[in-house]
Amino acid sequence: MTTTQSPNAAPASQAPQQRKTVTSWAANYLDERTSISGVTAYLGRKIFPDHWSFMLGEVALYSFVVILLSGTFLTFFFDPSMGHTTYEGSYVPLKGIEMSIAYASSLDISFDIRGGLLMRQVHHWAALLFVASIGLHMLRVFFTGAFRKPRELNWVIGFLLFILAMAEGFTGYSLPDDLLSGNGLAIINGMVKAIPLVGGWISYLLFGGMFPGVDVIPRLFVLHIMLLPAILIVLLGMHMVLLVLNKHTQFAGPGKTNENVVGVPIMPVFAAKAGGFFFLVFGVIMAIAATFTINPIWNYGPYDPSPVSAGTQPDWYIGFADGALRLAPGWETELFGLTFSWNILIPMAVLGLFIVLVMFYPFIEAWVTQDKREHHLADRPRNAPTRTAIGAAGVVFYAVMWAGASSDLIATHFHLNVFQVTWVLQALIFLGPIIAFWVTKRVALGLQKKDREILLHGFESGRIVRRPGGEYIEVHQGLDEYESWKLKAFESPEPAKVRPDERGRITTGTHVRAALSRWFFEDRIEPVTKAEVERASHH
Amino acid sequence: MAEETKMQDVELHRDAALERSSEFENPGLPPHRKRQTDLHPEKAKRAERTVFTWFLVSALGSIVAVAAYIAVPITPGDLTTTRMNNLLLGLGIALALLSIGIGAVHWSKQLMSDEEHVDLRHPTRGSDATRAKAVEVFTLGDQESGFSRRSLIRNSLIGALAVVPLPAVVLFRDLAPADEVPTDVFAHTMWEAGTRLCLDPTGTPIRAEDVSYGSAFHVIPEDLEESEHPLDEKAKAAVLLMRLPADALNESPERAGWSYDGIVAYSKICTHVGCPVALYEQQTHHLLCPCHQSTFDVKNHCKVIFGPAKRPLPQLPITVDDEGYLIAQRDFTEPVGPSYFERLHDVDEDGHVQVAGTTTEQRA
Ligand code: HEM
Ligand code: FES
C-alpha cells in the first residue's frame, strides 16, 4: 500500500491554481484530518477486468445491502416474543385465533403496516437471491481455478460467507413462527438430539427446556439480526480487502498476462457500472417483491406441533440438507444402553465431509500439483479437465440431495411411487457423481481437441465452394492472431514423476501424490506447438 | 503491451507437475475500436439525452411511490387494499431504482472513456527488505519482552488464556431451567392413567363407539389447555387414533390389552426427527410422515416399513372409562419422538413391551 505520508498541514502546499469549489474545500477538509487522499490515489484508478461471470459476486454483495436495508426496516416493527396473544389485526380468517406475538407481529407487518409486506417480500426475495448468487459466484471461482495461490484464503472466507448466509436464512425463516417455520425448528430439534453425548443438552439449552418453549425465537432473533450479520460483515470486509490486494483474476487474452490486469479504472467507469448495477439489482428485487408473493405466512397459520401439510418445502438452499435426511437409510443401534441414530448421524457426517472438502479444495489441489506459483489468469474450464470434472461431480452430488428434498413432489408430478423415487435417488447419490465426472472430463477433453483443430485448420466458415475437380468443400477460415491467442494461452501440465526427496527416500506420501498427480493430469491433449501450426499452414 | 516476463519469484517445486508453457508470443492488446458515440458528436448528444431521461423517470418513480403510499391506504379487513398498496408502492420504487441503474450503466457504456488500461501486478509477498524488517520487529519484541527466554511466565500466560473461557461455558447453563436435566423433559408426556382422549383442537372427549373405521382421529389429552405450556405439552402428547378391523390388526399378545375393541392409539410424533405423522392411508393402514416419507404400519404396531425412521411409533395403552369415553391407561412406556443418546434410560422397563420381528421386510 502507499505509505500514508503525514499530510502537510499548511494549506500552502495545495496546488495554488486549484479552484475553490465546495468539493475541493470538502476534500481538503477531510484530507487534512484523515489523509484520505492516499486511499483515493491508491484505489481510485485501480483496474478492474470485465467479464459477465465476474458480476455474480457483485450480485451477492448488492443483495446483501438490500437485505440489510429491508431487515432494518423489519426490526422496527417485528416483535420476537413467543408470548401468547389473540390476533385482532385485519386479516380476517385468523381473527380471534391464539398465536404467538411473533406471528401476530409478522401478520401486522404484512397487513397493517404500509410497505410492510413489501419489505418482508424484498427481504425474503433478496435472501434467496443472496444465497443463489453466492453459490453461482463460488462455482465461477471453482471452475476457473481462481482459488489458486494467492487466493486460497479468500476462497475459505467466501465459503464461510456461504455457510453464514444459509444460517441467516434458516434463522430468519424461523422468526415469523408460522406453521412451517416451527416445523423446521422441530426437525432441527430432532437432528440436534441425535448427536451423541451432548445432543440432548444442546436441545434442552437451545429451547430453554421443552420444545418449542418460549425462548427459541428471541434467541434466534439475536443471532439473526446481530451476531450473524456482524460476523458476515467482518468476513465480507476481509473478502473485499483481499480482493483489492490480490487484484481480480482475468481470462487469458491478447495483451492479458499473468503479470498484468487489463480493464477499466474504478474511477469513473467501474464505479459507474457497479453503482448502476447495484440499482439494477435492487430494482429487480423490488419489482419481484411488488408482484410475487413469497412465504405467505398467513396461509400456514400459527405454529402448532400437530398439523402439517404434505408437500411443504423449505427455502431452496436448505433443500440439500433435508434431502440428505430423506435419502439416509433407517439405521439406529443401541449399544451399552446408548442410542446411536445413524439415520441422522450419517447424513450429518456426509454433509460435514462434503463441506470440509469444498472448503479445503484449494489446498488439496495445490498439494497434488505442488504448484507454488501465483495464478492470476482464470482457467477456461476445459483446460483443467480433471478439476472441472471434480466440480461437476460435486454439483451432481448436491443436486441429487436437493432433488431428494422434493422426492414426494417428483413422485406426484411423474405419477411414480415415492418409494421408487427414493431408491433411484439413493442409487444416484453414488452413481451420479461418477457419471458426471466421467462425462465432464470427456467433454472437456473433446472441447480441447476442437480448439486444437481450430488452431491448426481454422473453423468451418459455413461457406461451401466447388473445387475445380467437382468436389465440394467447406472453406476453413483461420483465426486472427488475437482470437487464436485465447485458444493457445494455457498450460497443460504433465503428471509428476516419483522422485526421491532431499534425503534420497521415496515416502508413501510421494507415491500417493504422484498417483493423484497422474489421475489429475494423465488424460491430456497436447497443446499445439509452433511447428505444428507452421506445418498446418503449408497445406 | 505484451509483458513476456514471467513472474518467477518462486521456483517450481521439485515434485511439481511438469509445466509446459505455451511457446507462442502474446500478440498484445488488439487495437482500440472507437464507439459510435466517440465518432459522432450527435450520437453522444443523443446518449446524453437518454441518460437524462432515465434519471428523470427515476425521480418520477419515487414520486409515484410516495403518492401510492398516501393515496392507497390500507383499509383494515380489506385485503385488496393491502395488495394494491404493495403493488403500487413496490413498482414505483422499482421504477425509481431501475431507472437510475439503467441511466448509470448507459452513461458508463456510451459516454465514459472505454479505453482499456493496464495495471502491472506485483508478487503478493512483501519485498525482502520489508520481510527482514518484519522479522526484526518480532525479534525485538521477543528480546525486549523476554517472551522466549522467560518460559515460565510465558507458559503460565498460555495456560491462563486457555482457562479463561471456562466461565463463559458455565454461564450458558441457565439457558434452560437449572433444576432439571434434559431427560426430565424428554422422558414423559402429560398422559396419565384416566386422562381422556379428546379431539384436536376442540377438546371434545371421544367415545369408543364414535371411532369409525377408515379415518385417523387427531387426539390431545383432555386437560391440555389447562397445562402451563399447552404447546410444549402438545408437542409430546399428540396422538393418532384409528380403528382397524379385527382381522387386519396383528397385535402382539403382550400388547393385546393396549388397544380397545380394535381401536389403537399411537404417538403422532415421528421417531425420525419429530415431525407430526399426519397422513393415514386407510386401505393399507399405513401412516406416512410428510417430512421424509417414513411409513409406519398400523397393523403391526406401527413398525417402520419405509424411510429413514428406525423405531416404531410408541403406542399409548388405552381403554374406556365407565361413561364409555376413551382414556389412557398410563403414560407412554417409552419417550416419544426422535431418538437421543440416553433414550434407553427413559424407557419404562416394567411397562414397556418391545415389538418383535424385523421391520423392513415388507417394503411397499
Ligand atoms: C444474509 C443475511 C440475511 C438473510 C439471508 C435473511 C433472511 C431472512 C428470511 C428468509 C426471513 C423470513 C422472512 C419472511 O418473513 O418471509 C427473515 C426475517 C427477518 N429478518 Fe432477515 N435475513 C438476513 C439478515 C437480516 C438482517 C441484517 C436483519 C436486521 C437488520 C434482518 C431482520 C429480519 C427480521 C426483523 C425478520 C422477521 C420479519 C418477519 O418475520 O416479518 N435480517 N430474514
Ligand atoms: S420426521 Fe418423519 S420422516 Fe423425518
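For the structure, check the block above.
These figures come from a predicted structure and were not determined experimentally. (Residues numbered from 1 in each chain as written. Chains lettered and ligands numbered in written order. Predicted model: local features only at pLDDT ≥ 70, side-chain atom pairs only at ≥ 80, totals over all residues. Heavy atoms only, no water.)

1. Points about the packing of helix α10 (residues 266–291) of chain A against helix α3 (residues 79–110) of chain B
Okay, so step 1: One can describe the packing of α10(A) onto α3(B) by two numbers: an axis separation of 7 Å at closest approach and a directional angle of 160°. Between α10(A) and α3(B), the interaxial angle falls into the category roughly antiparallel. Remark: the crossing between α10(A) and α3(B) carries left-handed chirality.
Okay, so step 2: Of the residues contributing to the contact of α10(A) with α3(B), the split by class is 21 nonpolar, 7 polar and 2 charged. (Axes fitted to C-alpha atoms, helices over the stretch in contact; angles between N-to-C directions. Helix = DSSP H or I, 4+ residues; strand = E, 2+ residues; numbered from the N terminus. Parallel < 35°, antiparallel > 145°, perpendicular 65-115°, else oblique. Left-handed = near helix turned anticlockwise from the far one by under 90°. Nonpolar A, V, L, I, M, F, W, Y, C, P; charged D, E, K, R; others polar.)

2. Let's talk about the sheet that holds strand β4 (residues 239–243) of chain B
Residues and elements named next belong to chain B.
Okay, so step 1: The 4 strands lie next to each other as β2-β3-β4-β5, forming an open sheet whose pairing is antiparallel. The open sheet has two edge strands with one neighbour each: β2 (197–199) and β5 (263–267). Averaged over neighbouring strand pairs, the angle between their axes works out to 45° when direction is ignored.
Okay, so step 2: As paired elements, β4 and β5 share 5 bridges and run antiparallel to each other. Across the sheet, Leu 241 pairs through a bridge with Ala 265, a residue of β5. (Pairing = 2+ DSSP bridges.)

3. Some details on a nonpolar patch on the surface
Okay, so step 1: On the surface, A:Val424, A:Leu428, A:Phe430, A:Leu431, A:Ile434, A:Ile435, A:Trp438, A:Val439 and A:Val443 cluster together to form a nonpolar patch covering roughly 910 Å² of accessible area.
Okay, so step 2: Relative to the elements of secondary structure, A:Val443 occurs in helix α17 (residues 418–457). (Patch = residues over 30% accessible without salt bridge, like charges linked within 9 Å, V, L, I, M, F, W, Y side chains within 5 Å. Areas by Shrake-Rupley, 256 points an atom, 1.4 Å probe, with all protein chains shown as cover. Salt bridge = Lys/Arg side-chain N within 4 Å of Asp/Glu carboxyl O.)

4. A word on the site of ligand 1
All names here are of chain A.
Okay, so step 1: As a structural note, the neighbourhood of ligand 1 is formed by 28 residues, with Arg 120, His 123, His 124, His 224 and Asn 295 the closest of them.
Okay, so step 2: Here an oxygen atom of ligand 1 and a side-chain polar atom of Ser 106 are 3.1 Å apart.
Okay, so step 3: Between ligand 1 and His 123 there is a distance of 2.8 Å, counted from a nitrogen atom to a side-chain nitrogen or oxygen.
Okay, so step 4: Of all the secondary-structure elements, those providing two or more residues to the shell around ligand 1 are α3 (55–75), α4 (101–111), α5 (116–143), α6 (152–174) and α9 (216–246).
Okay, so step 5: By residue number, the principal contributor to the shell around ligand 1 is α3, which donates 7 residues.
Okay, so step 6: Here the shell around ligand 1 is built from residues that sort into 16 nonpolar, 10 polar and 2 charged. (Near = heavy atom within 4 Å. Polar contact = N/O pair within 3.5 Å; in protein donor to acceptor, adjacent residues only side chain to side chain.)

5. Focus on the coordination of the iron atom of ligand 1
Residue and element names in this part refer to chain A.
Okay, so step 1: Here the iron atom of ligand 1 is held by His 123 (NE2) and His 224 (NE2), and the distances to it run 1.9 to 2.0 Å.
Okay, so step 2: Note that the iron atom of ligand 1 binds 6 donor atoms; their angles at the metal cover 86 to 180°, and the shape is octahedral. On the criterion of sequence distance, the pair formed by His 123 in helix α5 and His 224 in helix α9 is long-range, its members being 101 residues apart. A single burial state applies to His 123 and to His 224, both of which are buried. (Donors = N, O, S within 2.8 Å, 3.2 Å for Na, K, Ca; no water. Tetrahedral: all angles 85-135°; square planar, octahedral: opposite > 155°, others 65-115°. Buried < 20%, exposed > 50% of the residue type's maximum accessible area, 1.4 Å probe, protein only.)

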